[in-house]
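One letter stands for each residue in the lines below.
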Amino acid sequence: MQRIVLHVDLDSFYASLEELRNKQIQGKPIVVCVFSGRTEDSGAVSTANYRARELGIKAGMPIVFAKRLATDKDVVFLPVDMDYYHAVSERIMEILEEETDIIQQVSIDEAYLDITGRSSGDWDNAQRIAEEIKRRIRAEEGLTCSIGIGPNRLLAKMASERKKPDGLTIVKESQVNDFLRELPVSDLHGVGDKTVEVLNELGIKTADGLATFDLLILVGKFGKNRAKMLQEKAQGIDDTPVEPREIQQISRIATLKEDTSDLETILEKLRELSTDMKDRIEKKQVVFRTASIITIDTDLKLHTRGKTIKPTDDVSLLLETSRSLLEGFLEDNPGKKMRRVGMRVSNLACKADSRNLEGLDRYLDQTLTRPDRSRR
Ligand code: DGT
Ligand code: CA
């Protein structure tokens, strides 16, 4: 069957998320920064939305430079809020998980999906899957993404970069040569600036130029393995499998009907979420050792509190722990109203392996409670 891989990449991720939660900055150029705190503007740009990119502002640039480019323009500079980005990222990955059997998340906003089985190796089916993913991410999270589809990871990744933002690019097996023909070597995924410099010195500018170049000369410059790898890339060859990583945590979060600090109202919402959590815990065949609550207050600040318990897959224990964590949180934050609440299990282990964990726990319990005979 034709192998089909899909690469999903969210558009200007952090900046889009900032825009999403604050109506007042919608439509403006937005720059999200990591402020190092040494001086007011020391630090670097983490990302810029596409309007800010039009001004020349981009990731990695010192904030001072970006501010110079923004002079006299209505540009919004904001600090990163990683908790918020991770919470949304997790939900997006869950959407992707539901749309495929094999997924490998490679960064906070990027994942490869092997959809060979789902699409039955058919490109039209693959396109429909990609359209459904785009539709869901937009409907459920209000975000756009760019998707590339190809016969392997390398081509899927390069296809997703071809049209951004909100793109969908398909490179079928039969279109690979056309796709690569005039592609600058700098656009080959995994080929860095230094390599590009050496290739340019050799007069190699495009992927097809690289693919047909004398291998012996390349070996002389880069060594055997790297030279071979470069020529394979230039031909769009890549056998790397999409390898699912072990999931680290499972969480659910939802918006309350109205902002509240009432324990029972919040618990009611958590009970609702727990049915979904139960399904996922069963589906993933895991036990958890840490139970947490997540709350987002009316200032959109995210708070989490967690507790380590004995390995279990019992959601009623999660609810019980959530209640006590929530009681403590509300006590420490009197009058603070919540907008969104959620729960999370982490410290996961495979159910199949959990017997060993339980055994270990029992062993530790016994050793800790057993009287110390040596002193008698
Ligand atoms: P895109 O994909 O070109 O539409 O734009 P982004 O912003 O999604 O860029 P991407 O996919 O390379 O990276 C995803 C997020 O990772 C991005 O929103 C912010 C963060 N990030 C990217 N590059 C840097 C960087 O150089 N420094 C820091 N601190 N964060 C970065
Ligand atoms: Ca991105």
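Keep in mind the model is a prediction, meaning the values are calculated, not measured.

1. Focus on the sheet that holds strand β8 (residues 168-170)
- The sheet built from five strands is open, its strands ordered β5-β6-β1-β7-β8 with mixed pairing. Each edge of the sheet is formed by a strand with only one pairing partner; in this case those strands are β5 (102-107) and β8. When the angles between neighbouring strand axes are averaged without regard to direction, this sheet yields 15°.
- Lying on the sheet, helix α7 (residues 153-162) is in contact with β1 (5-10), β5, β6 (110-114), β7 (145-150) and β8; it crosses β7 at an angle near 140°.

2. Details of empty space enclosed by the protein
- All chains considered together, the criterion is met by one cavity of 30 Å³ or more.
- Roughly 30 Å³ of internal volume is contained in the largest cavity.
- Looking at the largest cavity, the residues that line it are K134, I137, R138, L143, T144, C145 and D166.
- In terms of residue count, the dominant contributor to the lining of the largest cavity is helix α6 (residues 123-141) (three residues).
- Here the residues of the lining of the largest cavity sort into three nonpolar, one polar and three charged.

3. A word on unusual backbone geometry
- Across the junction of K164 and P165, the peptide omega takes the value -5°, indicating a cis bond.
- Inspection of the secondary structure assignment puts P165 in the loop between α7 and β8.

4. Observations concerning the pairing of strand β2 (residues 30-35)
- The pairing of β2 with strand β4 (residues 76-79) spans four bridges and is parallel. By the bridge assignment for β4, I30 is matched with V76.
- With five bridges joining them, β2 and strand β3 (residues 43-48) adopt antiparallel strand pairing. Residue pairing for β3: V34 is matched across the bridge by A44.

5. Remarks on the sheet that holds β2
- If you trace the three strands from one edge of the open sheet to the other, you get β3-β2-β4, paired in mixed fashion. The sheet is open, and its two edges are formed by β3 and β4, each paired on a single side. On average, each strand axis in the sheet is tilted by 35° relative to the strand beside it, whichever way the strands run.
- Along the sheet, helix α1 (residues 13-21) contacts β2, β3 and β4; its crossing angle with β2, the most-contacted strand, is approximately 110°.

6. A look at helix α4 (residues 82-99)
- Taking 1.5 Å as the rise per residue, α4 with 18 residues should run 26 Å; its terminal C-alpha atoms sit 26 Å apart, in good agreement.
- Listing the buried residues of α4 in full gives Y84, Y85, V88, S89, E90, I92, M93, E94, I95, L96, E97 and E99.

7. Points about the side chain of T321
- Here T321 is to be found in helix α14 (residues 315-332).
- Dropping the residues within four chain positions of it, T321 is found in contact with A291, K307 and I309.

8. Structural notes on the coordination of the calcium ion (ligand 2)
- Summarising the metal site, the calcium ion (ligand 2) is bound by the protein donors D9 (OD), L10 (O) and D109 (OD), whose distances to it range over 2.2 to 2.3 Å.
- Geometry at the calcium ion (ligand 2) is octahedral, judged from its six donor atoms and the angles of 82 to 175° they form at the metal.
- Within one chain, the residues serving as donors to the calcium ion (ligand 2) are arranged as D-L-x98-D. Taken as a pair, L10 in strand β1 and D109 in the loop between β5 and β6 lie far apart in primary sequence, 99 residues in all.
- Note on L10: relative accessible area 3%, which makes it buried.

Cut-offs applied
- Residues numbered from 1 in each chain as written.
- Chains lettered and ligands numbered in written order.
- Predicted model: local features only at pLDDT ≥ 70, side-chain atom pairs only at ≥ 80, totals over all residues.
- Heavy atoms only, no water.
- Pairing = 2+ DSSP bridges.
- Helix = DSSP H or I, 4+ residues; strand = E, 2+ residues; numbered from the N terminus.
- Axes fitted to C-alpha atoms, helices over the stretch in contact; angles between N-to-C directions.
- Contact = heavy atoms within 4.5 Å.
- 1 Å grid on protein atoms, 1.4 Å probe; cavity = no way out; pocket = protein on both sides within 12 Å on 5 of 7 lines; lining within 4 Å.
- Points joined across faces, edges and corners; volume = space filled by probe spheres on them.
- Nonpolar A, V, L, I, M, F, W, Y, C, P; charged D, E, K, R; others polar.
- Expected span 1.5 Å × (residues − 1).
- Buried < 20%, exposed > 50% of the residue type's maximum accessible area, 1.4 Å probe, protein only.
- Donors = N, O, S within 2.8 Å, 3.2 Å for Na, K, Ca; no water.
- Tetrahedral: all angles 85-135°; square planar, octahedral: opposite > 155°, others 65-115°.

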